[in-house]
Amino acid sequence: MSEILTIARLRWALTFATVKRSSWQLVGATIAVILALQAVAGSWFLAVTEGEGLDRTSAADVRVTMVCALAALSVTVIMFQLMVIGEGSTLSPRRFVLFGIPDRRLQAGLMVAGLVGLPAICALICFLALAFLCRGLGPVVVIVSILAAPVAVLTMMSLSKAVLSLATSLASSQRAQNALYLVVFILFMLICSLPQTISPAADAGTLSVAQVRPFADILAFTPLAAAFQLPFDAANGDWAFLLLRLLILALTCWFCFAISTWCLRHLRLSEGRTGARNKAHGLGVFTRMPDSPSGAISARLVIYLRRDPRQLLYFLLPVIFLVVFGIQGRGLPGLAWQGVFLGALFLCMYTANNLAYDGPGIRMQVMAGLPGKADRKGRVRVYLWIMSTYMIVECFVAAFISDYWWGGRHLAYALVIACVVEGVLMAGIGLAQVLSCLLIYPVAPIDKPFSSPQGRAMAQGFFPFVQLLGNILVVLPTIIAFFALDGTGAGGRPEWLLAPIALVNGLAVLALGVNWGGRILDRRQLAIVAILDRYASL
Amino acid sequence: MSPSQNIPIGAAPAPLLPPSDPTAAVSIRGLCKRFESKLAVNGLSLDIPVGSFYGLVGPNGAGKTTTLNMATGLLLPDAGSVSVMGRDVWSDVNRAKRSIGVMPQAGQVFDRLTGLQLLVYSGMLRGMKRAEAVARAKDLLAAFDLVDAADRMVSDYSSGMGKKICLASAMIHSPRLLVLDEPFESVDPVSSANLKDILAEYVSTGGTVIVSSHVMALVERMCTHVAVINDGHVLADGTVAEVAAGEDLEDRFLDLVGGRHAAARIDWLNGGADPTGPAGLGHDVRPAEGDGPTGEGLDPAGIRSPGGLNGSQGSDPGDGAGAR
C-alpha cells in the first residue's frame, strides 16, 4: 500500500518540481487550473439551468445527450492520451523496474497516480456537479449520480491506460510504433469530425436527439457511457439494468487492470527492441542539398522528417482537413478551401517548435559555431519546398472538389486563393523562425512518441496559439487588402490583386523571419541548449 | 611548475591574477560559475601547454565539465577569462570554436543519421566542402573500425561504437584542441588501445588533448599533465610526476580531495549472513566478539562508528572489510 501512495505522491512532487523550474510552465499550469475551474463552473451552470423543471418525460432527451457526451469524452480521452498526453515518461514503468515492485502493485500505483492528477480531479468534480441536474427526479437518482461520477472517471482512466499499455507493449519495433502513432492520430481526427460529417454543413451542422437516440441506447451498454445511464435507470426503476451496467463497468475496470498489468510484465520481460536494423546507403539526401552548412542542416532535416513520426504526423493534417471539410462541404463546395487554409496554419504551428524536435542534438551546431542565419536558411529551404508543393497540390484538389476547376471566373478565383494560401504559408514559416527561438515547449522523445514529458500538456496547450495568432497578425496586409478589394469580387474590384499582395506579404515576413530568427538564435543558442537539455531529462 | 593562483570568491582583497599565457593551448584565469545556490567553479585558473595530453580529474561535482564547457564556448562564465591559442574565446566564440573539437555525448548527436552521414554533417557544419568531409569521414571510419557500420544508424550502435563516432565527429575538422569528456567509458580494450594510439599520434603532431576522466590508471598512463580539481578550483596541476609527488597518482588524488573515511559498518547490511532470519527486517545482527575492523564500535543507531564498543582493538582475520 505504501508503494501505491508513494507513486501517487511522486506524481504531484514531479509536477510541482517541473512548474518551479520554468516560468512558462507556471503560466501553463495557471492556465490549466483556470480552464479546470471554468469546466467545473460550466458543469454547475449546466446542471442548474438544464435541471430546472426536469421530469421523467424531458429526462429521456437529457439521457441521450449525456450518454453520447460521455461516450465522446471517453473516446477523446483515450485518443488524446495516446497522442498528446500519453504515458507520462516520468512515471514510465521502466523507471520503477529496479525497485522490484510487484506488477499489480505498480500498476495500481500508476492508476492511483493518474486518478489524483488534475484532469481526473477536474472530471470528477464536473461529474459531481452534473449530478445536481437530476434533482427533479428525486434524491435517490441524485445519490446514484453522485456515486456514478467516480465510477465514470475510474472507467475512463482504466480504458485509456489499458489501450495505451497495449499500444506501447505490442508495437515492439520502432516502425510498428511509428505506424501505430500515425494511425491513431488519423483516427482521432476523423472521429472528431464525425458529427459534422453525419450532418453536413448545409444542414447547419446540427444533430437531432432522435437521430442519435439509437446510438445512445447502444452506448449505454458499453463501458464508454454506461456510468451516465445509471441515474436514469434509477429514475425509471430499472434496477436490474442498473446492476447489469454496474457489472459491465466493474468487469471493464478489472479487465483493463489485468491487461495493463500483463503489459507491464510483458514490457519487463521483453525489454530491448528487436527489429531490422536501419540502413541507408551512402550520403543519401546530403548529395542533393547545397554544399554548405545550411545545406547540411537541410539534409539532416529531410532525413529526420522521414524517420520521425512526431513530425511526420503534422504533414498528414492538411490531407485530413481537406478530406473532412470536403465531405462536410456537401452543399457548400467552397468549404474545402477552409481545409486548405487550416492545413497551412497547422503546418506553420509545427515549424514554430522545430528546435524542440532536434533535442540535445542542437549542441552539434552550437559546438561547430554555426551562424544562426545558416540554420534558419537550411530549415526554411526544406519547409518551403515541401510545404509549398504540398499546398499547391492541395489547392488543385480543393479546386476539383469545389468545382472551381472548370474554368472561367471560378478558376481565376481558385488561383487567387492558392496564392493567398502560399502567402499565408510563407508568412507563417517566417514567423516560426523567430518564435521557435523564443517559445520552446517539450516534445516526446523520438523513440517514445506516445510518452509525455512532465509539463508538456500545459505548454503545448498555450504556445501553438501564439503562432496561430501571430500568423494572423503578420498577414494583416493581406487581410486588409481582402476587405479593401472586397475579396468575393462582388463589388467589381479586381480581386486578382490579392494574389501578388499576399505573395509579397508572405515573402517579406519570410525574409525578416530568417534574418531576425538567425540573430536571435545566435544570441540565445546557449540558453536554447540548456532548455533542450533540461527537456531531455524530463 | 608552481601551483596555480586560485582566488576563491568572496575572499577579501584578492591578489591580481597573472595575465593569460598566450603560448598556452588554453589559459584560464579566475573562472567562476554559479548555478542558483551552488558555486560550481570558484575562481579557477589553469594553463594547458600546447602539445600536452592533459588530464582533468576530480570527484563528481568538482566542476570539471562546467570548466570545460566554459572554456569551449558552451557555457557563459560569470567571471574570468579563457583564451585558446592566445585568443580570447568569448570575444569571438565562433572563431574560437573552429580550432576546438569537443566530443559530444551519445545523447547529443543526431542518432537517426548513419555513421557516415553524421561525420559528414559534422564536417559540413564547420564549413568544410562535402567532398573533403566525405574523404575525411571515410578515413576516420577506417581508423575507428567503423567501416562496416558506416551505413547503419547511430542509434543502432553499441555504446562503445557510439563513443567512437562521437570522437570522430569532434576530429573531422582537424582541430588544434580536442576536449574529451570520459572518452574511454564503455569502450572495449582493443578499441580503447586504438583510440589511444590515434590520440597519441594527434598529440605528437602538435595537437593538444584535454581529457576529463575518473580512471586514474588511464590518466597516469596516457597523460603528460594533470590537474586535480575539487570544489570548483584547482588543487594541484603540473606534469603527472609533479602532481603525484612520488606517490601513486590515485593515492595522491585521494589525499588532495579528502573525503575518504573508514568504511561504515551498517548493522542490517550483512548480505543475509544471519541464519536466524533475513537481514534488514528488524534483526539486530551483532558481530561475534572480536569481529569487525580495528577501532570500531556500534552507535545507538546500529551503525558502526570509530571509537570502539568497549575498547576492543581486535580484528577478525576473516573480515576483509576493514583491511584498507
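Bear in mind the structure is a predicted one, so any value in this text is a computation, not a measurement. (Residues numbered from 1 in each chain as written. Chains lettered and ligands numbered in written order. Predicted model: local features only at pLDDT ≥ 70, side-chain atom pairs only at ≥ 80, totals over all residues. Heavy atoms only, no water.)

1. Observations regarding the overall build of chain B
When its secondary structure is counted, chain B shows nine helices and 12 strands. Counting all 324 residues of chain B, 51% fall into the buried class. Expressed as a percentage of contacts within chain B between residues at least 6 apart in sequence, the contacts between residues at least 24 apart total 61%. Accessible area of chain B: about 14900 Å², with a carbon and sulfur share of 53%. (Helix = DSSP H or I, 4+ residues; strand = E, 2+ residues; numbered from the N terminus. Buried < 20%, exposed > 50% of the residue type's maximum accessible area, 1.4 Å probe, protein only. Contact = heavy atoms within 4.5 Å. Areas by Shrake-Rupley, 256 points an atom, 1.4 Å probe, with all protein chains shown as cover.)

2. Focus: the interface of chain B and chain A
Residue-level contacts link 36 residues of chain B with 38 residues of chain A. Together chain B and chain A conceal approximately 3500 Å² of surface at their shared face, both sides included; 61% is due to carbon and sulfur atoms. Taken together, the connections running from chain B to chain A amount to zero salt bridges. Taken together, the connections running from chain B to chain A amount to 11 residue pairs in polar contact (both at pLDDT 80 or more). Secondary-structure elements contributing two or more residues to the side of chain B that touches chain A are helix 2 (93-98), helix 3 (115-125) and helix 4 (130-143) of chain B. Of the residues forming the side of chain B that touches chain A, the biggest block, eight residues, is contributed by helix 3 of chain B. (Buried area = accessible area lost by both parts, 1.4 Å probe. Salt bridge = Lys/Arg side-chain N within 4 Å of Asp/Glu carboxyl O. Polar contact = N/O pair within 3.5 Å; in protein donor to acceptor, adjacent residues only side chain to side chain.)

3. Section: the UniProt feature "domain: ABC transporter" (unreviewed entry) in chain B
Per the UniProt record, the feature "domain: ABC transporter" (unreviewed entry) sits at residues 26-256 of chain B. Counted over residues 26-256 of chain B, helix gives 38% and strand 26%. Its end C-alpha atoms are 24 Å apart. (UniProt positions renumbered as here; feature names shortened; annotations may be inferred.)

4. Looking at the side chain of Ser27(B)
All names here are of chain B. Here serine 27 is to be found in strand 1 (residues 26-35). Classification of serine 27 as buried rests on a relative accessible area of 0%. Side-chain polar atoms of serine 27 contact the backbone nitrogen of aspartate 21, separated by 2.9 Å.

5. Considerations on helix 18 (residues 372-401) of chain A
Between the first and last C-alpha of helix 18 of chain A there are 42 Å, a value that for 30 residues agrees with the 44 Å anticipated at 1.5 Å per step. Following helix 18 of chain A by one or two positions, Asp403(A) adopts a phi angle in the positive range, close to 65°. (Expected span 1.5 Å × (residues − 1).)

6. Observations regarding the sheet that holds strand 3 (residues 53-57) of chain B
Residues and elements named next belong to chain B. Read across the sheet, six strands follow the order 6-7-8-3-9-10 without closing on themselves; strand pairing throughout is mixed. Both edges of this open sheet fall to strand 6 (100-102) and strand 10 (233-239), since each of them pairs with a single strand only. With strand direction ignored, the average angle separating the axes of adjacent strands in the sheet is 15°. Judged from the four bridges that link them, strand 3 and strand 9 (residues 225-230) form a sheet pairing that is parallel. Directly across from valine 57, in strand 9, lies its bridge partner valine 228. Against the sheet, helix 5 (residues 159-171) touches strand 6 and strand 7 (177-181), its axis set at about 160° to strand 7. (Pairing = 2+ DSSP bridges. Axes fitted to C-alpha atoms, helices over the stretch in contact; angles between N-to-C directions.)

7. So, the packing of aromatic side chains
Tallied over the entire structure, the rule returns 13 aromatic pairs over all chains. Relative to Phe241(A), the ring of Phe221(A) lies with its centre 5.7 Å away and its plane at 75°, an arrangement referred to as edge-to-face. Here Phe241(A) lies in helix 11 (residues 239-269) and Phe221(A) lies in the loop between helix 9 (209-219) and helix 10 (226-236), a separation of 20 residues in the sequence. Between the aromatic rings of Tyr314(A) and Tyr350(A), the centroid separation amounts to 5.3 Å while the plane-to-plane angle is 25°, which identifies the pairing as stacked. Separated by 36 residues along the polypeptide, Tyr314(A) in the loop between helix 13 (309-312) and helix 14 (317-328) and Tyr350(A) in helix 15 (residues 336-351) bring together distant segments of the chain. Assessed through its relative accessible area of 1%, Tyr350(A) is described here as buried. Taken together, the ring pairs in this structure connect Tyr314(A), Phe315(A), Tyr350(A), Tyr357(A) and Tyr383(A) into an aromatic cluster. Taking NZ or CZ as reference, Arg300(A) lies 3.9 Å from the ring centre of Phe110(B), over its face. (Phe/Tyr/Trp six-rings, centres within 6.5 Å; stacked < 30°, edge-to-face > 60°. Lys NZ or Arg CZ within 6 Å of the ring centre and 35° of its normal.)

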